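# Report on the structure
In case you want the letters, here they are:
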Amino acid sequence: MSTNIESERMLETPRPPFLQRIEFGGDYNPEQWSPQIWDEDVQLMRRAGVTVATVGVFSWARLEPRPGEYCFKWLDDILDRLHKGGIQVMLATATASPPPWMATLHPDSLPETAEGTRLGPGSRQHYSPSSSAFRTHALRLVEKIVERYAGHPALCAWHIGNEYGCHVPKSYDTESTTAFRAWLQQKYGTVAALNDAWCTAFWAQEYQSFEEVSVPRATPTFPNPTQMLDFDRFSSDALLHLYLAELSIVRRITPDIPVTTNFMGMFKSADYWSWVQHLDFISDDVYPDPADEDSYVGLAAQRDLMRSLAAGKPWIVMESATSAVQWRSVNVPKPRGLHRLQSLQAVARGADGILHFQWRQSYGGAERFHSSMVPHAGPESRIFKEVCSLGSELADLGQLTGLRVQADVAFILDWDSWRAVEQDAMPSTVSYLDHLLAWYRPFLRAGITVDFQPASADLSVYAMVVAPMLHVVTERTAENLARVVDGGNVLIVGCFSGVVNEDLHVWLGGYLGPLRPILGVRVEEYAPVNPGLPLAIDGLVKGTASTWQDVVVNEDAEVIASFMDGYAVSSPALTRREKNNGAAWYVATLPSPELMDQLVARWVGESQVTPLLAAPVDGVEAVQRGDITFLINHRAEEREVEIGPSEIVRLGGYQVFSNAITTNSNDGVTSRAEFHSC
Ligand code: GAL
């Protein structure tokens, strides 16, 4: 390796340690380019204010062209050049996609679909998470890379794998089947316990031994729901174990270098609550659709989830696109100013880094039409100019690093419930995320920041806890939620909650099961409603709702409003039970956006939560990081926002106002230093 004191000396500016400023950069894939371009890359990175490059994510075939034959010279060269240019390197373990020889030597390492189709090489991520051959080769490579670059001065962090489960969240191959059996044996101990949990008395599914149990391959009709859920859980664990195997090598050789892997926002296939303790900082990949003017709602929620997963550790955007992606059916570019706006939204919600996929736009391969920091048009382009101005703007926001975003409201995000409600053979086709976001939106509109939490978390610090659809409930989670109310805070539970336990067995005698005494109601029947059919609600609160009706029986609560029509006509739609100055609400439907705004205003009134906005404004969000307030207008049109008694801020299209932004950005989107009172 040619790292040396000389290259140290050539550093023009001393670097603050990693994550001590808002990091800026992206995935750098130099193997796609000649060394002449590498020099230009470093110069352009410096011009753009890049602080960190993620290198080597898809470099395995170049690093180990034949099994056991390694070729690191080019990577040495790249790291030296980057270091010389003052760019830090987040070095990948390069295991995201195996080289073609893996499939030739070990065809069994290829993943299989539920239908039994073996997925071949020629794309990426063509490995089964449970493949022992893949694991052996991958770990050998990791050890080589970590040993070689452990002391390289450019190295600031390890990037393990890449987007675990992105293309192959589950594999149904033979080794996965064996691993699944072992996982089940560990979980249940005896096959009788498994039969009990899976309710195999139904449809003659009783097993006599673990050897008879399989991964849930394609079946003639509805598969066993608990088997499906266990396979979801197993598959998430299989990915995690792969990550942990790499991690243990990295930790042994470089215990002081921070480690991450990139998450994919709300990703159903990996239960990130069980991953986060193994990461030193959280990274997220995020590609909102510029054609969807409401994508900012999911985007804000995704940022909030990352901050919540990080739980005080730093988090960064590992991948974002400067403009269009290439994987939707129509790939609309980002309008001028939108990428800056979305990047600042991430910073406002706690991010300490804005990185991109990728640095230089490929001229060949499946991603040649995906935008990048240096587009095909080269540096003399609008996109590169905007990249440079974003880089300098983020450099000026260094004082935000480490400042916390405080939330008084927690939303329960429960992977088991998510997976369960989206299974087949349910009362209705439900999108857990759509439902969650329909609940999140009114809080965002009000300028109320939300943390996400698992149902088992300590919720005592929150003035309000919202469980939009906690379908899976155990006695323990119910006890945890009861403590919210006992502590004098507000608990809000949405429809189709409390239906089953962790084995997906229905709570008998009235749905809501162990939540019944907390809410003071039980649910006798469900009545899903066809899309588009509005439901009227009347009482102390009036409005409309849609999608769902629980037939609620009041036991010990106050009925706030009832259904005026539909199957559940005259049964309670909104109930409230008070205890110890706390209150537990049940919402037996999906309120319309207007009713949601009304309800949030009411819940704010009875809790210690203070919205940042005096009234919701379409497309505008407000959030506070430390004592810095951000107002963000996600619409192309101007908006006027009231933020306090007679304090009005006028926001142009795609504008961000913050008392942290002191300069006008030079991309034509202006920022102002202070709010103006009038
Ligand atoms: C991510 C992946 C990147 C790139 C990007 C394109 O899923 O990690 O390598 O493919 O998508 O949007």
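Residues numbered from 1 in each chain as written. Predicted model: local features only at pLDDT ≥ 70, side-chain atom pairs only at ≥ 80, totals over all residues. Heavy atoms only, no water.

## Considerations on the sheet that holds strand S16 (residues 543–546)
Note the threshold: One bridge is not enough; two strands pair if DSSP finds at least two bridges between them. Going along the chain from the N terminus, every DSSP run of H or I of four or more residues is numbered as a helix, and every run of E of two or more is numbered as a strand.
Reading across the sheet, the ten strands line up as S11-S10-S12-S13-S20-S19-S18-S15-S16-S21 and stay open at both edges, with mixed pairing between neighbours. The sheet terminates laterally at strand S11 (450–453) and strand S21 (590–591), the two strands that pair on one side only. One ladder, built from four bridges, connects strand S10 (residues 409–412) with S11; its direction is parallel. Following the sheet pairing, Phe411 is matched in S11 by Phe452.

## Focus on the site of the ligand
Spelled out, the test is: What makes a residue near a molecule or strand is one non-hydrogen atom of that residue sitting within 4 Å of it. Within 3.5 Å is the distance limit for a polar contact, defined as a pair of N or O atoms, with the added protein rule that one can donate a hydrogen and the other accept it, and that residues adjacent in sequence qualify only through two side-chain atoms. The accessible surface values rely on the Shrake-Rupley method and a 1.4 Å probe; as for residues, cover is taken only from the protein chains in view. Under this grouping Gly is polar, as are all residues other than the nonpolar Ala, Val, Leu, Ile, Met, Phe, Trp, Tyr, Cys and Pro and the charged Asp, Glu, Lys and Arg.
Taken together, the residues surrounding the ligand are Phe58, Arg124, Asn162, Glu163, Asp285, Tyr287, Glu319, Trp327, Phe357, Glu367 and His370. One of the side-chain N or O atoms of Glu163 is found 2.3 Å from an oxygen atom in the ligand. Glu319 has a polar side-chain atom sitting 2.7 Å from an oxygen atom of the ligand. In isolation the ligand exposes 310 Å². Once the protein is present, 95% of that is buried. Class assignment for the residues of the shell around the ligand results in four nonpolar, two polar and five charged.

## Quick look at the domain arrangement of the protein chain
Operational definition: Domain ranges listed in this record stem from an automatic or a database domain assignment.
Domain parsing of the protein chain yields domain 1 (409–607) and domain 2 (620–677). A C-alpha centroid distance of 34 Å is found between domain 1 and domain 2.

## Notes on empty space enclosed by the protein
Note the following rule: Throughout, the protein atoms alone are placed on a 1 Å grid, and a set of points is a cavity if a 1.4 Å probe fits but cannot get out or a pocket if it is open with protein on both sides within 12 Å along at least five of seven lines; lining residues have an atom within 4 Å of a point. Grid points are joined across faces, edges and corners, and a volume is the space filled by probe spheres set on the points.
Under the defined criterion, the tally for this structure stands at four cavities of 30 Å³ or more. Size it by volume and the second largest cavity reaches roughly 60 Å³. Taken together, Val286, Pro288, Arg303, Val317, Ser320, Lys334, His339, Gln342, Ser343 and Ile354 form the lining of the second largest cavity. Broken down by element, the residue count for the lining of the second largest cavity peaks at three residues, all from helix H11 (residues 338–348).

## Some points on the pairing of strand S18 (residues 558–563)
When strand S15 (residues 535–539) meets S18, the two strands line up antiparallel, connected through three bridges. Bridged to Ile537 within S18 is Phe563. Pairing of S18 with strand S19 (residues 572–579), which is carried by four bridges, proceeds in the antiparallel orientation. Looking across to S19, one finds that Glu558 is bridged to Arg576.

## Comments concerning a nonpolar patch on the surface
Rule in force here: Patch building starts from residues that exceed 30% relative accessible area and form no salt bridge, then joins like charges within 9 Å and nonpolar side chains (Val, Leu, Ile, Met, Phe, Trp, Tyr) within 5 Å. Definition used for salt bridges: Asp or Glu carboxyl oxygen within 4 Å of a side-chain nitrogen of Lys or Arg.
Taken together, Phe202, Trp203 and Phe222 make up a surface patch of nonpolar side chains, about 350 Å² in accessible area. Note that Phe202 resides in the loop between helix H8 (191–198) and helix H9 (225–253).

## Some words on the layout of surface pockets
Unfilled space is identified by rolling a water-sized probe across the atoms. Estimated volume of the second largest pocket: approximately 790 Å³. Taken together, 33 residues form the lining of the second largest pocket, with Pro225, Gln423, Asp424, Ala425 and Met426 sitting closest to its centre. Here the lining of the second largest pocket gets four residues from one element, more than from any other, and that element is H9. Considering only residue class, the lining of the second largest pocket consists of 19 nonpolar, seven polar and seven charged.

## What to know about the environment of Met45
Quick reminder of the rule: In what follows, a contact means two residues having at least one pair of non-hydrogen atoms within 4.5 Å.
Relative to the elements of secondary structure, Met45 occurs in helix H2 (residues 35–48). Sequence-distant contacts of Met45, defined by excluding residues within four places in its chain, comprise Tyr28, Val50, Ala53, Leu82, Ile87 and Trp359.

## What about the sheet that holds strand S22 (residues 620–625)?
For clarity, the cut-off: Axes here refer to lines fitted to C-alpha atoms; in helices the fit is confined to the stretch in contact. Angles between the N-to-C directions go from 0 to 180 degrees.
Across the sheet, which stays open at both edges, the three strands sit in the order S22-S23-S26 with antiparallel pairing between neighbours. One side of each edge strand has no neighbouring strand; the edge strands of this open sheet are S22 and strand S26 (656–658). On average, each strand axis in the sheet is tilted by 15° relative to the strand beside it, whichever way the strands run. Both strand S23 (residues 628–633) and S26 contribute to a ladder of three bridges, which runs antiparallel. Looking at the pairing, Leu631 lines up with Phe657 of S26. Contacts from H11 reach S22, S23 and S26 within the one sheet, and its direction differs from that of S23 by about 150°.

## Details of unusual backbone geometry
At the junction of Phe357 and Gln358, the peptide bond is cis and its omega measures out at -10° in the coordinates. Its location among the elements puts Gln358 in the loop between strand S9 (353–356) and helix H12 (382–396). For Asn580, which is not glycine, the phi torsion reads 45° and is therefore positive. A positive phi angle is found at Asn581, which is not glycine, with a value near 70°. Tracing the sequence through the fold places Asn581 in the loop between S19 and strand S20 (582–587).

## Overview of the pairing of S16
Alignment of S15 against S16, held across three bridges, turns out to be antiparallel. In the sheet register, Ala536 faces S16, and the bridge partner there is Thr544. Counted between consecutive antiparallel strands, the loop separating S15 from S16 contains three residues. For S16 and S21, the ladder comprises two bridges, and the chain directions are antiparallel.

## A few points about the packing of aromatic side chains
The condition that has to hold: Only rings of Phe, Tyr and Trp enter the pairing, Trp through its six-membered ring, and a pair is recorded when the two centres are within 6.5 Å. The plane angle decides the type: under 30 degrees is stacked, over 60 is edge-to-face, the rest tilted. Residue burial is assigned from relative accessible area. The probe radius is 1.4 Å, only protein chains are included, and a residue is buried under 20% of its type maximum, exposed over 50%, and partly exposed in between.
Within this structure, the stated rule accounts for 39 aromatic pairs. With a centroid separation of 6.0 Å and an interplanar angle of 70°, the aromatic rings of Tyr272 and Trp415 are classed as edge-to-face. Taken together, the positions of Tyr272 in the loop between strand S6 (262–263) and strand S7 (282–285) and Trp415 in helix H13 (residues 415–421) put the pair 143 residues apart, joining distant regions of the chain. For Tyr272, a relative accessible area of 2% corresponds to the buried category.

## What to know about the pattern of salt bridges
In this structure the tally under the stated criterion is 44 salt bridges. Measuring nitrogen to oxygen at the nearest pair gives 2.9 Å for the salt bridge that ties Glu69 to Arg66. Ionic pairing is found between Arg148 and Asp76, a salt bridge with its closest N-O pair at 2.7 Å. With Arg148 in helix H6 (residues 132–149) and Asp76 in helix H4 (residues 73–84), this residue pair connects regions lying 72 residues apart in the sequence.

## What to know about H11
Of all eleven residues in H11, eleven are buried, a share of seventy percent or more. All buried positions along H11 are accounted for by Leu338, His339, Arg340, Leu341, Gln342, Ser343, Leu344, Gln345, Ala346, Val347 and Ala348. Positive phi shows up at Gly350, right after H11, with a value of about 115°.

## Quick word on the confidence of the model for the protein chain
Definition in use: Confidence scores here are pLDDT values: one per residue, from the predictor, ranging 0 to 100.
Looking at the protein chain as a whole, its pLDDT mean stands at 94, while 95% of the residues score no less than 70. The low-confidence segment residues 1–11 (pLDDT under 50) makes 17 contacts with residues lying over four places distant or belonging to another chain. Taken together, the stretch residues 662–678 has pLDDT below 50 and engages in 41 contacts with residues farther than four places along the chain or on a different chain.

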